[in-house]
Amino acid sequence: KGTNFLNRIMEDKTFREFILELKHEGCPTCFMLGKMLDHLSMKFYKHGLLPKFKFFRIDTDNDIPMFGRFNATPTYLYVRKTKDLNNI
């Protein structure tokens, strides 16, 4: 799954920046802060910024094992591709 996720990010040249939420299934804080991330993404949509800025949510245990386990969840990563959109 991890390589597929990274390939999909790198293949999609329509955006350069994104926020990646790393959550843990069953975490109450992840549930509460996930609602705030949903609200933020709706604001981006409302103001026409969503096509250029994406939001992703992944589970720390299953979705991208190469990231390893995070002791503190949720964790938010702001990620930007290089100008040529070929690297993160």
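Residues numbered from 1 in each chain as written. Predicted model: local features only at pLDDT ≥ 70, side-chain atom pairs only at ≥ 80, totals over all residues. Heavy atoms only, no water.

Caption draft 1: Representation of the side chain of T75 within the structure. Mapped onto the secondary structure, T75 falls in strand β3 (residues 75-80). Exposure remark for T75: the relative accessible area of 17% places this residue in the buried category. Discounting residues that sit within four places of it in the chain, T75 has contacts with L20, E21, L22 and F70. (Helix = DSSP H or I, 4+ residues; strand = E, 2+ residues; numbered from the N terminus. Buried < 20%, exposed > 50% of the residue type's maximum accessible area, 1.4 Å probe, protein only. Contact = heavy atoms within 4.5 Å.)

Caption draft 2: Examining helix α2 (residues 28-46) more closely. Helix length check: α2, at 19 residues, gives a terminal C-alpha distance of 28 Å against a target of 27 Å (1.5 Å per residue), a fit within 8%. Among all positions of α2, only C30, G34, L37, S41 and F44 are buried. The arc that holds the buried residues of α2, viewed along the axis, is 70°, so those residues lie on one side. In α2, the exposed residues that point more than 90 degrees away from the buried face are P28, F31, M32, M36, M42 and K46. As for α2, its buried residues are in contact with β1 (17-23), β2 (53-59) and β3. Where α2 ends, the next residue or the one after it, G48, has phi of about 75°, a positive value. (Expected span 1.5 Å × (residues − 1). Arc of directions from axis to C-beta.)

Caption draft 3: Representation of the sheet that holds β2 in the model. Reading across the sheet, the 3 strands line up as β2-β1-β3 and stay open at both edges, with mixed pairing between neighbours. The open sheet is flanked by β2 and β3, the only strands paired with a single partner. For this sheet the average axis-to-axis angle between neighbouring strands, irrespective of direction, equals 20°. When β1 meets β2, the two strands line up parallel, connected through 7 bridges. (Pairing = 2+ DSSP bridges. Axes fitted to C-alpha atoms, helices over the stretch in contact; angles between N-to-C directions.)

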